[in-house]
Amino acid sequence: MVICSHCQAQQLDGTIFCTVCGASLLSAKPQRQTTASLNRAAAETAQAEVDEATILPAPTPAPETNTIALIVLSSGRRIVLPVTPELLIGRKDQQRNFFPDVDLSLDGGYDAGVSRQHARIICRDGSYLLEDLGSSNGTFLNRQRIAPRRPVELHHGDEIQLGMLLVRFEMNG
Amino acid sequence: MSKVDLRITPSRSVLPASQEPQLLYALIELSAQSGATKMPRLPLNLCLVIDRSSSMRGERLQQVKQAAMQILDLLGDHESFALVTFNDRAEVVVPAQLARARAEIKRQISAIEAAGGTEMATGLALGVQELQRAMMPRAIHRLLLLTDGRTYGDEGRCVEIARRAQARGIGITALGIGSEWNEDLLETIAARENSRTHYITSAAEITKIFTAEVERMHNIFAQDVQLRVTLPPQGLLRSLDRVRPYIVPLPTIEEAEFVWTAALGDWPESDAQALLMEIVVPPLPVGRHTMLRLQLRYRVPGSEGTTANHEQNLVVGVRNPDEVASEVDPTVKHWLERLVAYRLQASAWQAAEEGKLEEATRRLQMAGTRLFEAGEIELARTVQEEATRLLRSGQASAEGRKRIKYGTRGLIGREEQL
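All values reported here derive from a predicted model rather than from experimental measurement.

Peer 1: Which residues make up the overall build of chain A, and what values do they have?
Peer 2: Looking only at helices and strands, one finds one helix and 13 strands in chain A. Listing the helices and strands of chain A from first to last along the sequence gives β-β-α-β-β-β-β-β-β-β-β-β-β-β. For chain A, the residues scored as buried account for 38% of the 173 residues in total. Partitioning the intrachain contacts of chain A with sequence separation of at least 6 by distance along the chain shows that 42% fall at a separation of at least 24.

Laid out in structure tokens, this is it:
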């Protein structure tokens, strides 16, 4: 018996895709494990991206002058973010001690093809820019794929797609 | 004279010995060696049943008429042709007849005009009647239905008429065009052997799809194909689906203990077929075991009572778990991934209908992920867009829904594979 790391359903040994939620059971180790370690195993076997494991300082809660928010459409999760010069979006990797400012691993980021270092939001002179960091599955702004390493301007209500995961960008002035 | 290749690929060629049952997937590829149909073919007994409601006016009806005339030219002198139209009522435009008085038949076709509403059941009933009137005991009987709208109130009758016809050996190809027709109804109508449904996205495709359908019927080289699956004691056939040329679940009957049968219908030579089965393997000791015995049996058209048989076994090794790699066959995984996407979207629409929008969205998104990984990038994006729309507005778009339903089955954008 294996346990699906995505929905915790019991599945027969040898199952490739969970019959309940459809998630892949392949990247998980075949032995019985806790879901936490399954997730980690999944993260380890992710595409061979070169992670420099840049450790960013934890964002300091800025005084409530200004915030921006990312709303993950699939889970409905609203991530309120303090305004800092740079916000890294990706998936955390505990093994390598890598924690992006916005961790999408809880929102099915792995299955949706979000890279560990996927994109970043840059704040400059009160305006916001989105930059793809050479992610495996691309970043899309309002359904247009943006070129890697070329920051583009963000506006309130814009749709950002990271791999297959859709989030909305909001500015709360 | 029958040349059929039967190939079984398991998801894993070596299984770990286990005290528990485990799941094994098997891809079964059936292909006809070219030339299998170099034999007298059965004549076609064809009836077109055409929606001529006012929404068909213009290019759609124009294309349909052209397609009907081209089909007529594809038929031989000994084949039967009929055409029925329907709007608020139904009418036999071309009574069943041998395809001979072609100029006269074409004149009748060109006089068809669009007007009125959509009432499908009477049209279907008249079409079936014309097919039976042709009195061709040994022929391929087919009804080709084309609609662009919803029929109101007579859906139940449509399905009843279709089932009666199918029970008498008439296959139905149900074609929907545009975004307004009821895909649930067409899918139900076509959910029998020798029947299929297709989504036509633009009027320009009508002729191509109509003629491709007639060509498929012209190269049927095996009829009433029956598949028999024998598993080891305590084994279980969990599911059987056709994945090529398009995805469709195949009903199975447990004929005897550990023996299942499925009817695959007629087989056009041009269709490379693939089936995917999920087998629950009982605990087995280390050694080599026959996991699956397949028997394929069919009638050879045009020859009195001749049947052909093919048999193939799958032998899989069972070893100590630490000697077994966990890799799975990439081809099996690819088709399984597409099948899972199809199942996920089907259950998503079900959830949406029950008002469970978040569940529906989650399922659609997972379907998108599966399609994305199977390399169906464009379809994955359509799924993603509809998932977002569903979550925001509580409803998917009619067109997006159709594109996803038919796209995940492999029924649009792959005409070249027909």
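Peer 1: Tell me what's going on with the sheet that holds strand β6 (residues 102-103) of chain A, and back it up with residues and numbers.
Peer 2: Strand order in the open sheet made by the five strands is β6-β5-β7-β8-β11 (chain A), with mixed pairing throughout. With one partner strand each, in any of the chains shown, β6 and β11 (152-154) of chain A form the two edges of the open sheet.

Peer 1: Pulling in residues and values, what's your account of the interface of chain A and chain B?
Peer 2: At the interface, 19 residues of chain A touch 29 residues of chain B. Classifying every residue of the side of chain A that touches chain B gives twelve nonpolar, five polar and two charged.

Peer 1: Lay out the sheet that holds strand β13 (residues 165-172) of chain A with the relevant residues and their values.
Peer 2: All names here are of chain A. As summarised here, the arrangement of the six strands in space is β4-β3-β13-β12-β9-β10, forming an open sheet in which the pairing is antiparallel. Of all the strands in the sheet, just β4 (78-82) and β10 (144-145) have a single pairing partner and so form its edges. Sheet analysis places strand β9 (residues 139-141) next to strand β12 (residues 159-162), joined by three bridges and oriented antiparallel. The partner of Leu 141 across the bridge, within β12, is Ile 160.

Peer 1: Which residues make up the environment of Leu275(B), and what are the values?
Peer 2: Residues and elements named next belong to chain B. With respect to the element layout, Leu 275 can be found in strand β15 (residues 273-281). With 28 residues separating them in the primary sequence, Leu 275 and Ile 247 have C-alpha atoms 8.9 Å apart. The contacts of Leu 275, once residues within four sequence positions are left out, are Ile 28, Leu 240, Asp 241, Arg 242 and Val 243.

So, how was this worked out
One numbering rule holds for all chains: residues counted from 1, following each sequence as written. Here the convention is simple: chains get letters from A, ligands get numbers from 1, in the order in which they are written. Residues qualify for local features only when their pLDDT is at least 70, as the model is predicted, and side-chain atom pairs are given and counted only at 80 or more; totals for whole chains, interfaces and linings, by contrast, use all residues. Under the scheme used here, helices are H or I runs from DSSP no shorter than 4 residues and strands are E runs no shorter than 2 residues, and both carry numbers assigned from the N terminus. Here the C-beta atoms are placed from the backbone, and a residue counts as buried if at least 20 other C-beta atoms lie within 10 Å of its own, exposed if 12 or fewer do, and partly exposed otherwise. Once C-beta atoms are placed from the backbone, any two residues with those atoms within 7 Å are in contact. Any two strands between which DSSP finds at least two bridges are classified as paired. Following the grouping adopted for this structure description, the nonpolar residues are Ala, Val, Leu, Ile, Met, Phe, Trp, Tyr, Cys and Pro, the charged ones are Asp, Glu, Lys and Arg, and the polar ones are all others, Gly among them.

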